[in-house]
Amino acid sequence: EELRNVLEQFPPVEYAFAYGSGAVRQGSYDYQKASKTESERPMLDLVFVVANSEEWHSMNLLLNPSHYTSIIRLSPREISWIQDSIPANFWFNAYVQLKSSTRQLKYGIIN
């Protein structure tokens with residue numbers, strides 16, 4: 001249910017999956033303590049697989065401009081070029097505050 005609510009805040013994706021302590025229980029994390037306040041829950045880590053990263057970033061910049069760094073404003077074309085130029089072919093937005101909760105999110109986009 002939570003993941004469905006998260007995905008509704010983004011442009012359509014081909015596939016998405018969650019990973020890390022925010023999605024899968026890990027022995028070293030105190031989930032009992034974190035369940036008392038949502039802000040103490042681990043960051044939710046996601047990967048979005050998209051058909052066209054430039055088009056997806058263009059839509060996402062309209063929907064979620066605060067997810068992108070304010071240090072330097074990049075166009076969707078520049079973001080896509082950087083994403084496609086690095087060996088991993090990922091663009092990550094981290095420490096994103098979700099509209100629907102106090103939980104933070106990190107997500108990566110790949111073609």
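Residues numbered from 1 in each chain as written. Predicted model: local features only at pLDDT ≥ 70, side-chain atom pairs only at ≥ 80, totals over all residues. Heavy atoms only, no water.

*Asks:* Teacher, can you tell me more about unusual backbone geometry here?
*Replies:* Backbone geometry places N89, a non-glycine residue, at a positive phi of 60°. Structurally, the position occupied by N89 is in the loop between α4 (76-85) and β3 (91-97). The class for N89 is partly exposed, based on a relative accessible area of 28%. (Helix = DSSP H or I, 4+ residues; strand = E, 2+ residues; numbered from the N terminus. Buried < 20%, exposed > 50% of the residue type's maximum accessible area, 1.4 Å probe, protein only.)

*Asks:* Explanation requested: the pattern of salt bridges in the structure shown.
*Replies:* Oppositely charged side chains can form a pair if their charged atoms are brought close together. Counted by the stated rule, this structure contains two salt bridges. Taking the shortest distance from any N to any O, the salt bridge between D45 and K106 comes out at 3.5 Å. With D45 in strand β2 (residues 44-49) and K106 in strand β4 (residues 104-110), this residue pair connects regions lying 61 residues apart in the sequence. The class of D45 is buried, set by a relative accessible area of 10%. As a salt-bridge pair, R77 and E54 come within 3.5 Å of each other at their nearest N and O atoms. Here R77 is found in helix α4, whereas its partner E54 is found in helix α3 (residues 53-63), with 23 residues between them in sequence. Given the relative accessible area of 29%, E54 is considered partly exposed. (Salt bridge = Lys/Arg side-chain N within 4 Å of Asp/Glu carboxyl O.)

*Asks:* Just checking my understanding: could you explain the side chain of S80 for this structure?
*Replies:* Within the secondary structure, S80 sits in helix α4. Taking the relative accessible area as the measure of exposure, S80 reaches 7% and is therefore buried. Not counting residues within four places of it along the chain, the set of residues in contact with S80 comprises S53 and E54. (Contact = heavy atoms within 4.5 Å.)

*Asks:* Explanation requested: the pairing of β3 in the structure shown.
*Replies:* It is a general feature of regular strands that their side chains alternate between the two faces of the sheet. Across five bridges, β3 lies against β4 in antiparallel orientation. Looking across to β4, one finds that W91 is bridged to I109. (Pairing = 2+ DSSP bridges.)

*Asks:* It is not clear to me how the sheet that holds strand β1 (residues 15-19) should be interpreted in this structure. Could you clarify?
*Replies:* Backbone hydrogen bonds are what pair the strands of a sheet, in a parallel or an antiparallel way. If you trace the four strands from one edge of the open sheet to the other, you get β1-β2-β4-β3, paired in mixed fashion. The open sheet is flanked by β1 and β3, the only strands paired with a single partner. Recorded for the sheet is a direction-independent mean angle of 20° between the axes of neighbouring strands. Strand contacts of α3: β2, β3 and β4, with the helix running at about 150° to β4, the strand carrying the most contacts. (Axes fitted to C-alpha atoms, helices over the stretch in contact; angles between N-to-C directions.)

*Asks:* In this structure, what is going on with the confidence of the model for the chain? I would like to understand it.
*Replies:* Caution applies to low-pLDDT regions: their predicted coordinates should not be interpreted in detail. Residues of the chain with pLDDT of at least 70 account for 89%, and the chain-wide mean is 86. Averaged pLDDT values for the elements of the chain fall to 60 in helix α2 (residues 31-34) and rise to 96 in α3. (pLDDT = per-residue confidence, 0-100.)

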